[in-house]
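Overview (structure and organization)
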Amino acid sequence: MKKTLFILLLNLNFALFSQESKLSIELNYPIPADNNFIGKNYTGIVDIGGKYKIIDKNILDFGIALNAGLLKYNNSKINSSQNYKIYAYPIQPKIFCEFNIKNIKRLHPYTSLGYSFIIFKATGTNNGFDISDLNDTQAGINLNFGLSYDITSKLFVNGQFDFTKLQEENGIPNTTFNTNVNLVKFGIGLRL
């Protein structure tokens, strides 16, 4: 048992401190932006992400990524008869391409393409009626642009812009206010 534990710890040590890291994790603060239903009504709480490089080349790296976040809409501050909150959980699986700039090794611009799911969950009351069972999921194509800067070989800061074009839904007008979601994210990351 001790030998197995020692081997696991040794492998973890090599994974955490190797120079050529393929896996990274991020902790971001999401800021809803623009004139749309998310940007006008929600505040960002947290966004957690992970990336795994599948192809590691001199100029371009390719891989897969996943981000999951939390946004909150609090209506109780506006109207006491409508005392409810809506939590939005964006889930964003995607593929990414990171550019390696030869003369500036610490700077890493990247772009990604994926499909976002935003799960909306309501809690509270609206004019005396419990709306806690009202849940909805909206989805659409996601395009992301970002830039990371290496502080050390393992630690980096990150800024990115996410654009999601939600699909049309019955009963919801097909306008940019209802279908475009823009998030600006700033955070810190760690290469494992």
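Residues numbered from 1 in each chain as written. Predicted model: local features only at pLDDT ≥ 70, side-chain atom pairs only at ≥ 80, totals over all residues. Heavy atoms only, no water.

Nonpolar side chains collect at one region of the surface, where Leu23, Tyr52, Ile54, Ile55, Phe62, Ile64, Ile95, Leu113, Ile141, Leu143, Phe145 and Phe161 lie side by side and expose about 1,100 Å² of accessible area between them. Only strand E2 (43-56), strand E3 (60-74) and strand E7 (135-150) provide two or more residues apiece to the nonpolar patch. Relative to the helices and strands, Leu23 is located in strand E1 (residues 23-33). The class of Leu23 is partly exposed, set by a relative accessible area of 37%. (Patch = residues over 30% accessible without salt bridge, like charges linked within 9 Å, V, L, I, M, F, W, Y side chains within 5 Å. Areas by Shrake-Rupley, 256 points an atom, 1.4 Å probe, with all protein chains shown as cover. Salt bridge = Lys/Arg side-chain N within 4 Å of Asp/Glu carboxyl O. Helix = DSSP H or I, 4+ residues; strand = E, 2+ residues; numbered from the N terminus. Buried < 20%, exposed > 50% of the residue type's maximum accessible area, 1.4 Å probe, protein only.)

For Asp34, which is not glycine, the phi torsion reads 80° and is therefore positive. Mapped onto the elements of the fold, Asp34 is located in the loop between E1 and helix H2 (37-41). A relative accessible area of 56% means that Asp34 is categorised as exposed.

This part is about the environment of Ile131. In this fold, Ile131 is placed in the loop between strand E6 (129-130) and E7. For Ile131, a relative accessible area of 10% translates into the label buried. For Ile131 and Asn83, which are 48 residues apart along the polypeptide, the C-alpha to C-alpha distance reads 9.9 Å.

Interpretation in functional terms is not warranted from these geometric data alone.
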